[in-house]
Amino acid sequence: MPGSTILEIDLDKIKYNTSQVVERCHRKGIEVIGVTKGFSAIHQIVSAMVEGGIDGLADSRMENIIELREKGFTQPITLLRIPRLSNVMEVVNYTDTSINSEITVIKALAQAAKELKKIHQVILMVDVGDLREGVLQENVLEMAKQITRFKEIKLIGLGTNMGCFGGILPSSNNLEVLVKLGCAVENQLGLKLEIISGGGTSTLMLIGNDEVPAGINQLRIGEGILLGTDTTNNRKIRWLHQDAFLLRAEVIEVKSKPSIPTGTIGRDAFGNIPEFIDIGVRKRAIVAMGKQDVNIQGINPVDERLTILGASSDHLILDIEDSEHEIKVGDVIAFSLAYSGLLSVSDSKYVGKQFKSNSGANNE
Ligand SMILES: *Cc1c(COP(=O)(O)O)cnc(C)c1O
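Counting restarts for each chain: residues are numbered from 1 in the order of the written sequence. For this predicted model, a pLDDT threshold of at least 70 governs which residues receive local features, and a threshold of 80 or more governs which side-chain atom pairs are given and counted, while totals over whole chains, interfaces and linings are taken from all residues. With hydrogens and water set aside, each side-chain value is computed from the structure's full complement of heavy atoms.

Note on conventions: DSSP H or I runs of at least 4 residues are helices, E runs of at least 2 residues are strands, and numbering of each starts at the N terminus. Counting secondary structure elements, the protein contains 10 helices and 20 strands. Along the first, second and third principal axes, the C-alpha atoms of the protein reach 75 × 40 × 40 Å. Within the protein, counting contacts between residues at least 6 apart in sequence, those at least 24 apart form 63% of the total. Carbon and sulfur atoms make up 49% of the accessible area of the protein, which amounts to about 17700 Å² in all. Whether two residues are in contact is decided by their heavy atoms: any pair within 4.5 Å suffices. The Shrake-Rupley method, run with a 1.4 Å probe, gives the accessible areas here. Residue values count only the displayed protein chains as cover.

Next up, the structure:
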């Protein structure tokens, strides 16, 4: 679709980022599962992760997982959101493992597994402080005991999630808690846990500092591989590419205008009351992209001299006064993406996807 807003995806950079993360984790005895929810599991990107040596795949949405299976991905897949009671059959059918914290759901998974004549693997999520999903530490042993009663369910490990709701950072302390709980489960129930899953991208920081406690043997990585950033720790991961994704949008108007609107200020298109500072007449550009295409909070012009002034559903307004080269109607402006930006554009039907790699480019 020439002329439309384009998300350009450099598959070689994604493959490189994957292999770097995998190499560093493998050196510490940690497997890496690639999290595909951040880009709606676009299959070309998943393939780049697979080529980069990922140990497994994971997503929080069954729609994405079913599509991956239909595209022929045979890797182990973990469902990263607690299954809904209403779709346990699909979960057992299409995934190998799901993360869980509710015995009612696990019971239903067991029933589904019985009907489908399968064994379903469960990772019991433990809340070590972030307050999203997971059982509290004091309830882990009892819960694990209950899970082992179901013949069709295999409790393969414990996991925890951080940096999502409470913004809690992984540390050697809270991960140590998880490892110890794993040992307690093994000792008291006389079983072997294959997996102690120590979080996502925010845990990579601890790997670099050699602070991951022995016993943690899995991470579930999305953001780091895709964007080379770690939002929770507010950092760029310097050994990864940050520009595997670029969003390109076309300029449809360039004019010098006052920096304060004229007239009585009511509400903007989203019901907010906008505020302005008078910095005189400034050169502005409008690009043909808006809040319906992308979460504006999650994008930044690659040229740091440009600033985003605001957007409505279909127009994005930039201050281009300080640009070093002339920007004209028909030019294309490039934006880098944060996780929230990537999430929103990846499944927007208004944003074309263009893939780049040494083996050639192709569009979709
Ligand atoms: C989304 C998610 C991840 C991946 O997190 P990133 O920060 O993108 O690496 C890992 N685990 C769970 C449970 C998730 O929901």
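On to the site of the ligand. Close to the ligand lie 13 residues; Lys37, Thr201, Arg220, Gly222 and Glu223 are nearest. We call two N or O atoms a polar contact when they sit within 3.5 Å, provided that within protein one can donate a hydrogen and the other can accept it, with sequence-adjacent residues counted only if both atoms are side-chain atoms. Here an oxygen atom of the ligand and a backbone polar atom of Gly222 are 2.8 Å apart. Proximity is defined per residue: any heavy atom of the residue falling within 4 Å of a molecule or strand makes that residue near it.

With that settled, the discussion passes to the pairing of strand E6 (residues 120–127). When you tally the buried positions in E6, you get 7 out of 8 residues, the bulk of the element. In short, DSSP must find at least two bridges between two strands for them to pair. As defined by bridge partners, strand E5 (residues 97–100) adjoins E6 across 4 bridges and the pair is classed as parallel. By the bridge assignment, Thr97 is partnered in E6 with Gln121. A crossover counts as right-handed when, viewed with the strands pointing away from the observer, the path leading from the first strand over the helix to the second turns clockwise. You can see the chain leave E5, run along helix H5 (residues 103–116) and come back into E6, and the turn it takes is right-handed. As judged from the 6 bridges shared by E6 and strand E8 (residues 153–159), these two strands associate in the parallel manner. Residue pairing in the sheet places His120 in a bridge with Ile153 of E8. Where E6 and strand E7 (residues 135–136) come together, 2 bridges link them in parallel fashion. From the neighbouring strand, Val126 faces E7, where its bridge partner is Val135. Residue exposure (1.4 Å probe, protein chains only): buried if accessible area is under 20% of the type maximum, exposed if over 50%, otherwise partly exposed.

Moving on, we get to the environment of Asn174. Following the sequence through the fold, Asn174 ends up in helix H7 (residues 172–189). Residue classification places Asn174 among the buried positions, given a relative accessible area of 10%. Each C-alpha atom, one on Asn174 and one on Met162, is 9.8 Å from the other, the two residues being 12 residues apart in sequence. Other than its neighbours up to four places away in sequence, Asn174 contacts Val128, Met162, Ile168 and Leu169.

Along helix H6 (residues 140–147), the residues classified as buried are Val140, Met143, Ala144 and Ile147. Down the axis of H6, the buried side of the element spans an arc of 100 degrees, and every buried residue falls inside it. Note that the arc is defined by the directions from the helix axis to the C-beta atoms.

Turning to the nonpolar core, a few remarks are in order. Residue types Ala, Val, Leu, Ile, Met, Phe, Trp, Tyr and Cys, when buried and joined through side-chain atoms within 4.5 Å, form a set referred to as a nonpolar core. Ile45, Phe245, Leu247 and Phe335 are the most contacted members of the largest nonpolar core, which has 93 residues in total. Element by element, the count of residues in this core is highest for H5, at 7 residues. Structurally, this core is a two-domain feature, drawing no fewer than three residues from each of domain 1 (10–236) and domain 2 (245–358). Contact partners of Phe245, with chain neighbours within four places excluded, come to Leu7, Glu8, Ile9, Ile14, Ile45, Leu226, Leu227, Phe335, Leu337 and Leu342. Counting residues in hydrophobic clusters, the runner-up holds 9 residues, among them Ile33, Val35, Ala58 and Ile195. Source of the domain bounds: an automatic or database domain assignment.

In terms of residue burial, strand E1 (residues 5–10) counts as a mostly covered element, since 6 of its 6 residues are buried. Pairing of E1 with strand E19 (residues 351–356) involves 6 bridges; the strand directions are parallel. Considered in E19, the bridge of Leu7 is made with Lys353. Where E1 and strand E13 (residues 245–258) come together, 4 bridges link them in antiparallel fashion. Looking across to E13, one finds that Leu7 is bridged to Leu247.

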